[in-house]
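Architecture at a glance
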Amino acid sequence: MSIKKIRTRFAPSPTGPLHMGGVRTALFCYLFAKKHGGDFLLRIEDTDQSRYVPGAEEYIVAALNWCGIQIDEGVSVGGKFEPYRQSERKEQGIYLKYAKEMVASGHAYYAFDSADELEEMRNRLIAAGNVAPQYNHETRKTMSNSLTLSAKEVDDKIASGIPYVIRLKVPSGEEITFTDLIRGEVTVNSSLVDDKVLLKSDGMPTYHLAHIVDDVLMEITHAIRGEEWLPSAPAHILIYRYLGWETSMPQYAHLPLLLKPDGNGKLSKRDGDRLGFPVFPLDWQDPNTGEKSSGYRERGYYPEAFVNMLAFLGWNPGTEQELFTMEELIQHFSFEHVHKAGARFDPEKAKWFNEQYLRKQTTEALANRLQPVVKSKFNLGDDDVKVSSDYLVKAVTLLKDRVQFESELIEKGSYLFQAPDVYDEQVLAKKWKPELASFFNALIENLRSLEEFNSVAVDTAIKSTAATSGIKPGEIMQLLRVFVSGQGAGVDLIGMLELFGKNEVIERLNKALKKVN
């Protein structure tokens with residue numbers, strides 16, 4: 001007996017930017033498929049045309065590509081089960097065929113209820129004390145459908161063009177059991193399950209029918225999706241059964257929710273910039289409203305750091321290791337280590353991951369990427385020493401362990417490329433005394449006389465000048481830092497002075513002394 005090839009799919013709806021929770025679902029699908037030598041598919045579930053947003057599909061593909069999640073088959077790459085957009089599959093009559101098959105077998109029915117009739121039914125049930133009214137095995141008996149109407153009435157309504165939907169006929173009092181790869185055996189009584197709409201009045205299938213038909217026809221072996229679909233799973237099990245596809249049914253895995261940083265509630269698209277961090281992989285601008293939302297890429301996150309962070313939202317390897325390449329994630333991933341409980345997102349941990357990946361970058365690579373930014377930001381010419389490879393490598397070496405993002409090399413280290421005009425007022429107020437001017441003037445002369453301007457010589461000159469002046473180094477070191485950088489804290493002081501070189505250090509000290517005097 002041949003072993004079935006593992007095939008997973010990510011099937012988002014193009015209703016806007018892809019939420020980081022969706023990226024995590026795609027990532028887990030990808031990791032599981034690749035670990036078992038399988039295929040990862042991208043399918044677009046655009047059955048709800050009223051919510052379709054132009055550009056959303058392209059955004060989804062771009063986001064997956066940025067993350068390094070390689071699409072083996074589906075939208076953007078093609079494959080043997082084309083088309084991979086459900087709207088296009090609907091035009092081929094694929095879903096209508098199976099909906100009518102279920103009607104013919106008595107497992108689905110036509111429902112002609114108008115919006116007003118459905119609203120009246122809900123209000124009636126609420127008035128009777130039902131807080132969660134459903135169209136189910138009880139309420140369908142009082143509604144306008146092919147279970148309450150005669151065959152002639154049904155035929156007449158269809159022939160006259162009265163809108164209808166096709167609903168799943170859920171039995172009452174039946175135990176529905178299935179095995180979830182994360183949650184184990186799940187049993188639900190069918191009396192709690194509503195009669196899901198399978199085909200809408202515009203001929204479009206709902207998710208409930210479409211994903212099942214597509215998963216079977218595309219030979220999907222594992223359906224990995226968010227926990228929010230768990231309540232619908234019993235209805236999906238019935239659909240597989242009624243279409244005679246129980247042996248073809250993929251194994252389900254329902255991933256835990258992503259929670260807000262405080263743990264209270266699901267992390268939603270609306271939380272985005274409102275809480276001060278992105279919830280999307282890439283920047284997004286709504287084509288209808290013009291509203292902009294920030295993405296991790298544009299905030300300066302490495303894709304490897306973003307993926308590593310996402311993997312740990314609901315999964316852990318069972319060891320102390322936290323930094324994983326994509327290949328290592330593939331090797332270690334398993335559903336046995338995916339949690340059932342919701343995963344709380346920690347924006348500070350996300351920054352920590354990026355910091356670790358920044359430190360993995362070679363100093364030379366960082367310096368190369370920094371060069372055009374420095375030239376542009378500080379309007380420096382090609383022959384300026386501050387844009388030379390040697391200077392930039394030394395600057396990055398000083399800054400690298402003090403930043404979490406490459407952009408902070410400039411933000412936190414601007415004084416390495418431009419002399420300050422403003423000096424830390426708090427340090428000056430606390431440390432500066434007019435009588436210290438003689439020390440700094442003496443220091444300038446001692447630095448000027450150095451034949452070799454390196455860290456050892458500079459450090460010795462500072463300490464000897466302080467000793468000669470009867471001053472403790474602690475009294476002047478922070479002032480010295482402020483005079484050359486403008487800031488009361490920053491990179492290694494002696495290393496910074498060596499980087500600047502004799503002439504620039506003397507020039508900056510003279511400028512600062514004129515300012516404070």
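Residues numbered from 1 in each chain as written. Predicted model: local features only at pLDDT ≥ 70, side-chain atom pairs only at ≥ 80, totals over all residues. Heavy atoms only, no water.

**Observations regarding the pattern of salt bridges**
Selection rule: Between Lys or Arg on one side and Asp or Glu on the other, a salt bridge is scored when a side-chain nitrogen of the former is within 4 Å of a carboxyl oxygen of the latter. The secondary structure listing takes helices from DSSP runs of H or I that are at least 4 residues long and strands from runs of E that are at least 2 residues long, numbered from the N terminus. Burial here depends on accessible area, computed with a 1.4 Å probe over protein chains only, as a share of the maximum for the residue type. Under 20% is buried, over 50% is exposed, and the range in between is partly exposed.
Applying the stated criterion across every chain yields a total of 36 salt bridges. Of the charged contacts, one joins Arg85 and Glu57 as a salt bridge, the two residues approaching to 2.7 Å between their closest N and O atoms. Here Arg85, found in the loop between strand 3 (73-74) and helix 3 (86-91), pairs with Glu57, found in helix 2 (residues 56-67); they are 28 residues apart in sequence, far enough to count as distant. Its relative accessible area of 27% is what places Arg85 among the partly exposed residues. The shortest N-O distance in the salt bridge between Arg183 and Glu227 comes to 3.5 Å. Here Glu227 lies in the loop between strand 9 (222-226) and helix 8 (233-242) and Arg183 lies in the loop between strand 6 (175-180) and strand 7 (184-189), a separation of 44 residues in the sequence. Look at Arg183 and you get buried, because its relative accessible area is 17%.

**Points about the packing of aromatic side chains**
Heads up, the condition is: Stacked, tilted and edge-to-face are the three classes assigned to paired rings of Phe, Tyr and Trp, where Trp is represented by its six-membered ring and a pair needs centres within 6.5 Å; plane angles under 30 degrees give stacked, over 60 edge-to-face, the rest tilted. Two limits define a charge over a ring: the Lys NZ or Arg CZ must be within 6 Å of the ring centre, and within 35 degrees of the ring normal.
All chains considered together, the criterion is met by 27 aromatic pairs. Measuring from centroid to centroid gives 6.1 Å for Phe312 and Phe353, while their planes differ by 45 degrees, and the two rings are tilted. With Phe312 in the loop between helix 9 (303-311) and helix 10 (326-332) and Phe353 in helix 11 (residues 347-360), the pair connects residues that are 41 residues apart, well separated along the chain. Classification of Phe353 as buried rests on a relative accessible area of 2%. The rings of Phe28, Phe32, Phe312, Trp315, Phe324, Phe333, Phe335, Trp352 and Phe353 are connected pair by pair, giving a single aromatic cluster. Sitting over the face of the ring of Trp352, Lys349 holds its NZ or CZ atom 4.0 Å from the ring centroid. In this arrangement the basic side chain of Arg508 is found over the ring face of Phe500, its NZ or CZ atom lying 4.0 Å from the centre.

**With respect to the environment of Pro473**
Looking at where Pro473 falls in the secondary structure, it is placed in helix 18 (residues 473-485). Between the C-alpha atoms of Pro473 and Thr148, which are 325 residues apart in sequence, the distance is 94 Å.

**Concerning the layout of surface pockets**
Rule in force here: Points on a 1 Å grid over protein atoms alone make up a cavity when a 1.4 Å probe fits among them but cannot get out, and a pocket when they form an open set with protein on both sides within 12 Å along at least five of seven lines; lining residues each have an atom within 4 Å of a point. Grid points are joined across faces, edges and corners, and a volume is the space filled by probe spheres set on the points. Each residue gets one of three labels, nonpolar for Ala, Val, Leu, Ile, Met, Phe, Trp, Tyr, Cys and Pro, charged for Asp, Glu, Lys and Arg, and polar for the others, Gly among them.
Within this model, the largest pocket holds a volume of roughly 1100 Å³. In terms of lining, the largest pocket is formed by 38 residues, of which the most central are Ala11, Pro12, Ser13, Glu228 and Trp229. Among the elements of the structure, strand 1 (7-10), helix 1 (20-35), helix 7 (207-217) and strand 9 are those that each provide at least two residues to the lining of the largest pocket. Sort the elements by how many residues they give to the lining of the largest pocket and helix 1 lands first, with 4 residues. Considering only residue class, the lining of the largest pocket consists of 14 nonpolar, 13 polar and 11 charged. What the second largest pocket holds in volume is close to 350 Å³.

**A few points about the environment of Phe439**
Convention followed: Contact between two residues is taken to exist if any of their heavy atoms lie within 4.5 Å; hydrogens are not considered.
By the secondary structure assignment, Phe439 is in helix 16 (residues 437-448). Linking Phe439 and Gly290, residues 149 residues apart in sequence, is a C-alpha distance of 59 Å. For Phe439, the residues in contact, after removing those within four places along its chain, are Ile462, Thr465, Ala466, Ser469, Ile471 and Ile476.

**Overview of helix 19 (residues 493-500)**
Here is the rule we go by: Within 3.5 Å is the distance limit for a polar contact, defined as a pair of N or O atoms, with the added protein rule that one can donate a hydrogen and the other accept it, and that residues adjacent in sequence qualify only through two side-chain atoms.
Of all the 8 residues making up helix 19, 7 are buried; the element is thus mostly covered by neighbouring parts of the structure. Of all the positions in helix 19, only Leu493, Ile494, Gly495, Met496, Leu497, Leu499 and Phe500 are classed as buried. The elements touched by buried residues of helix 19 are helix 13 (389-399), helix 17 (455-469), helix 18 and helix 20 (502-516). Its side-chain oxygen 2.7 Å from the backbone nitrogen of Gly495, Asp492 forms the N-cap of helix 19. A positive phi of about 85 degrees marks Gly501, the residue just after helix 19.

**Quick word on the packing of helix 9 against helix 11**
Worth spelling out the cut-off: A fitted line through C-alpha atoms represents every axis, and for helices the fit uses only the stretch in contact; the resulting angles, taken between N-to-C directions, go from 0 to 180 degrees. Roughly parallel covers angles under 35 degrees, roughly antiparallel covers those over 145, roughly perpendicular covers 65 to 115, and oblique covers all other angles. Crossing handedness follows the turn of the near helix against the far one: under a right angle anticlockwise gives a left-handed crossing, and clockwise gives a right-handed one.
Contact geometry of helix 9 with helix 11 gives a least axis separation of 9 Å together with a crossing angle of 135 degrees. Classified by the angle between their axes, helix 9 and helix 11 sit oblique to one another. The crossing of helix 9 and helix 11 is right-handed. In this structure, helix 9 uses Glu304, Ala305, Asn308 and Met309 to contact helix 11, whose residues at the interface are Ala350, Phe353, Asn354 and Tyr357. Among the residues making up the contact of helix 9 with helix 11, the classes are represented as 5 nonpolar, 2 polar and 1 charged.

**Some details on the side chain of Lys400**
Short version of the rule: In this charge count, Lys and Arg are treated as positive and Asp and Glu as negative; neither His nor the chain ends contribute.
Structurally, Lys400 can be placed in the loop between helix 13 and helix 14 (408-411). Despite its burial, Lys400 pairs with no opposite charge; the closest candidate is Asp401, at 6.5 Å N-O. From its side chain, Lys400 meets the backbone oxygen of Gln361 in a polar contact 2.5 Å long.

**Some points on unusual backbone geometry**
Residue Pro83 is reached from Glu82 by a cis peptide bond, and omega for that bond is 0 degrees. Turning to its location among the elements, Pro83 is positioned in the loop between strand 3 and helix 3. Of note, Ser76 is a non-glycine position whose phi angle comes to about 85 degrees, a positive value. Note on placement: Ser76 falls in the loop between strand 3 and helix 3.

**Overview of the sheet that holds strand 8 (residues 197-199)**
Our working definition: Strand pairing requires that DSSP identify at least two bridges connecting the strands.
Strand order across the open sheet formed by 3 strands is 4-5-8, with antiparallel pairing between neighbours. Unpaired on one side and paired on the other, strand 4 (108-111) and strand 8 mark the two borders of the sheet. Taken pair by pair, the neighbouring strands of this sheet meet at an average axis angle of 40 degrees, ignoring direction. Where strand 5 (residues 165-168) and strand 8 come together, 2 bridges link them in antiparallel fashion.

**Remarks on the nonpolar core**
This is how it is decided: Residues belong to one nonpolar core when they are buried, are Ala, Val, Leu, Ile, Met, Phe, Trp, Tyr or Cys, and are joined through side-chain atoms within 4.5 Å.
By size, the foremost hydrophobic cluster in this structure holds 124 residues, and its most contacted members are Met20, Ile69, Met309, Leu416, Phe417 and Phe440. Take this core: its biggest share by element is 9 residues, from helix 1. For Met20, the residues in contact, after removing those within four places along its chain, are Leu258, Leu267, Pro278, Val279, Tyr296, Phe306, Met309, Leu310, Leu313 and Phe345. Residues Ala108, Ile166, Val213 and Ala233 belong to the second largest nonpolar core, which totals 35 residues.

So yeah, pure geometry; function would need other evidence.
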